[in-house]
Amino acid sequence: MSSRNSTPFHLLTGLDSALKTAAGAAGLDLALFNPEVRAAEARHGDFQANGVLAYAKQAKANPRDLATKLVAQLPDFVRETCEVTIAGPGFINFTLKPAALLGWMQAYSTPALLAAGAAAARPGEVWIVDYSSPNTAKQMHVGHLRSAVIGEALARIMAFSGAKIIRDNHIGDWGTQFGKLIWAYKRQLDAAALARDPIEEFERLYKAGNAAAEADPAILKEAQQELVKLQSGDAEDLAIWRQIIDASLTAFQQIYDRLGIHFDETLGESFYNDKVPLVYRELADTGLAAESQGALVVFHESHPRFKTQPFIIRKSDGAANYASSDLATILYRADHFRARGIIYVVDSRQRDHFEQLFLTAAEWFRRTRRTLPALHHVDFGTVLGENNKPLKTRDGENIKLKDLLGEAEERAYALVSAKSPDFPEAERRSIAAIVGVGSVQYADLAQNRSSDYLFAWDKMISLEGNTAAYLLYAVSRIHSIFRKEGLQPGDPEAEAGAGAPETPAEIALARKILKFADAVRLANDSLRPHFLCLYLYELAGEFSAFYSADKVLVDDHAIRARRLLLCARTVLMLETGLHLLGLRTLTRM
Ligand code: ARG
């Protein structure tokens, strides 16, 4: 609400600044006043400012008097758009007037206009999203699902919120596993198997090399020498390694395509191979790292655990490790990409690693007078099976992601075929691909990422509850309303002459539509997509209530236009929100 003629996208932020302006005009000490504007429970209006209470306590003033003074100083446009009331001991409640609801819905009528409004949250900030990041030479399995799904959703939400996002797949392509793998490759390669399914063959070779090395110390030595040869640039080993990486990336991309993921960069651990010596040097020179039994380690004196638990940045055999390449990666991202921040979408079991990494980087950058990007470990829990243990196949193997997505599509196909048996087979198949993969993505995103989540097919692929199918069905149902009239959502002719919402159901729906802005903002600020899921689910519920209370396609032109406008904005928020989560949508199901 910064100016009279423009309708702000984030009303909450707009009210916050209006209250600060009013506080200044009313003579409050701005250093002590925080308006504390938040979304209100519907019965109290749309927003509520609670900050007067804390301020009054400090200033030893009567909170109700203070609230009255503040309200009197609110800029005119606040009172034009909201009913403002003072409640209880001094809460200020704001209820948007129907005309303001209409104004907002008219101002934000396309995805581009929504994005332009949302972009104020992170204007032009460069953020690296480090996600998926699997280790090479292995299939992606169910343990790789969450990072890919959550990372992609956050990348989209942050980009929508104005950030310039660099999606970086920090693949594990330089580990000790290559010694054993190359050793076995040179001796036991099955060319036909390699041609059929290279990753499967690499997995077999790795297992063979590992078993041989365990059984015979001489072989272990040979495998270690292969690793040294690779790391010092031996042409033959490098060629084998390159082949393994290329085949892995091709297999990964097949999964990414199904999940709608495209990386801007795939700078794995090997990329930082020539960049770690600088890390050793600077950390040693600044006294941050010290030699300990041949290894280079960092301790953090002021941390209860990390003052004795070392962060090893160079192993005693001189080799780089996960920590050294992650340190080099931070410097590269700061220098080369000018990153304002980095998020690491990695499961919670790596919490210690990231804590130590961030502490070390902060101290390193401080001592070398560099500016450290903001660093966030976006952690998440484990995918559990129905027995509450990490999800596995019946014989205890990891479930391959391609099999899991395949099963999702099959189950969705059954659901679609039961619901719409008259649709042509090809259409049912393409709907099933969207519903199946979307259900897996959505089930992962819909709950707070910090907790473990129970993988249950029947709950996930269902038309009931907070599921992808429920939301996709709501989208297609709204499209069918327009289809019946030969129209499309957003067609100006459908909503020409629409007035402000009038009936209780219309008003309730409009108020929910506007809350899209806050939901995206909250998901963006907290890096938690489930807030957006919850919003979409509530919006779909509000739409159902409206749809059963108020008939849309009535003869009265004004009523019809007004209700079609509400339908169009509901589907706009649903589709935009689902796309932000990484799902595809459909118009018929
Ligand atoms: N490759 C690692 C793993 O599979 C994840 C890498 C995450 N990114 C990072 N910069 N450490 O555990």
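The structure presented is a predicted model; accordingly, all values stated were derived computationally and were not measured. Counting restarts for each chain: residues are numbered from 1 in the order of the written sequence. Selection of residues for local features in this predicted model requires a pLDDT of at least 70, selection of side-chain atom pairs for listing and counting requires 80 or more, and totals for whole chains, interfaces and linings are taken over all residues. The side-chain values count all of the structure's non-hydrogen atoms but skip hydrogen atoms and water molecules.

Trainee: Explain the overall build of the protein to me, using residue names and the numbers behind them.
Mentor: Within the protein, the secondary structure is distributed over 24 helices and 13 strands. Expressed along its principal axes, the backbone C-alpha trace of the protein runs to roughly 85 × 70 × 40 Å. Buried means the residue's accessible area, taken with a 1.4 Å probe over protein chains only, is under 20% of the maximum for its type, while exposed means over 50%, and partly exposed covers the values in between. The burial tally for the protein puts 53% of its 589 residues in the buried class. Where accessible areas are quoted, they stem from the Shrake-Rupley method and a 1.4 Å probe; at the residue level, only the protein chains shown are allowed to cover. When the accessible area of the protein is evaluated, it comes to approximately 25,700 Å², of which 51% is carbon and sulfur surface. By the counting scheme adopted, Arg and Lys are positive, Glu and Asp are negative, and His together with the chain ends is not counted. The atom standing in for a charge is NZ when the residue is Lys, CZ when it is Arg, CG when it is Asp and CD when it is Glu. Here the protein holds 67 positive side-chain charges and 72 negative ones, and the gap between their average locations is 4 Å. Here a helix means four or more residues in a row that DSSP labels H or I, a strand means two or more in a row labelled E, and each is numbered from the N terminus.

Trainee: Explain the pattern of salt bridges to me, and be specific about the residues and the numbers.
Mentor: When a carboxyl oxygen of Asp or Glu lies within 4 Å of a side-chain nitrogen of Lys or Arg, that pair is called a salt bridge. All told, the structure shown has 43 salt bridges when counted by the stated rule. Note that Arg38 and Glu36 form a salt bridge whose closest N and O atoms lie 3.6 Å from each other. Note on Arg38: relative accessible area 41%, which makes it partly exposed. Overlapping salt bridges bring together Lys186, Glu226, Lys229, Glu236 and Asp237 as one network.

Trainee: How would you explain the packing of aromatic side chains if you had to name every residue and give the values?
Mentor: Ring pairs shown here join Phe, Tyr and Trp side chains whose ring centres sit within 6.5 Å, with only the six-membered ring taken for Trp; geometry is labelled stacked below 30 degrees between planes, edge-to-face above 60, and tilted in between. Using the criterion set out here, one finds 23 aromatic pairs in the structure. Seen in terms of ring centroids, Phe9 and Tyr108 are 5.2 Å apart; in terms of plane orientation they differ by 70°. Their pairing is edge-to-face. Of this pair, Phe9 sits in the segment before helix H1 (11-25) while Tyr108 is found in the loop between helix H5 (98-107) and helix H6 (111-118), placing the two residues 99 residues apart along the sequence. When sorted by exposure, Phe9 lands in the same class as Tyr108, which is buried. One aromatic cluster is present, built from ring pairs that chain together Tyr131, Phe252, Tyr256 and Phe263. Look at NZ for Lys and CZ for Arg. If either is within 6 Å of the ring centre and within 35 degrees of the ring normal, a charge sits over the ring. One residue, Lys275, lies across the ring of Phe271, its end atom 4.1 Å from the ring centre.

Trainee: Before we move on, could you go through the site of the ligand and cite the residues and values that matter?
Mentor: Here a residue is near a molecule or strand as soon as one of its heavy atoms is found within 4 Å of it. Taken together, the neighbourhood of the ligand is formed by Asp130, Ser133, Asn135, His170, Tyr322, Asp326, Tyr344, Val346, Gln350 and Phe354. Throughout this description, a polar contact denotes any pair of N or O atoms lying within 3.5 Å of each other; where both atoms belong to protein, one of them has to be capable of donating a hydrogen while the other can accept it, and for residues adjacent in sequence the pair is counted only when both atoms sit in side chains. Separating a nitrogen atom of the ligand from a side-chain N or O atom of Asn135 is a distance of 2.9 Å. Relative to its unbound accessible surface of 350 Å², the ligand loses 87% to contact with the protein. Three classes are used: nonpolar for Ala, Val, Leu, Ile, Met, Phe, Trp, Tyr, Cys and Pro, charged for Asp, Glu, Lys and Arg, and polar for all others, with Gly counted as polar. Considered class by class, the residues forming the shell around the ligand number four nonpolar, four polar and two charged.

Trainee: A description of helix H16 (residues 401-419) should follow, citing residues and the corresponding values.
Mentor: The end-to-end C-alpha separation of H16 is 27 Å, in line with the 27 Å expected for 19 residues at 1.5 Å each. Among the residues making up H16, those that are buried are Leu401, Leu404, Leu405, Ala408, Ala412, Tyr413, Leu415, Val416 and Ser417. Every residue pair with non-hydrogen atoms within 4.5 Å of one another is taken to be in contact. Against the buried residues of H16 lie helix H7 (145-160), helix H12 (235-259), helix H17 (425-445), helix H18 (457-460) and helix H19 (468-484). The span you would expect from a helix comes to 1.5 Å times its residue count less one.

Trainee: Describe the side chain of Arg449, and please don't skip the residues or the numbers.
Mentor: On the secondary structure map, Arg449 appears in the loop between H17 and strand S13 (453-454). Dropping the residues within four chain positions of it, Arg449 is found in contact with Arg146, Ile150, Val378, Asp379, Phe380, Gly381, Ser526, Leu527 and Arg528.

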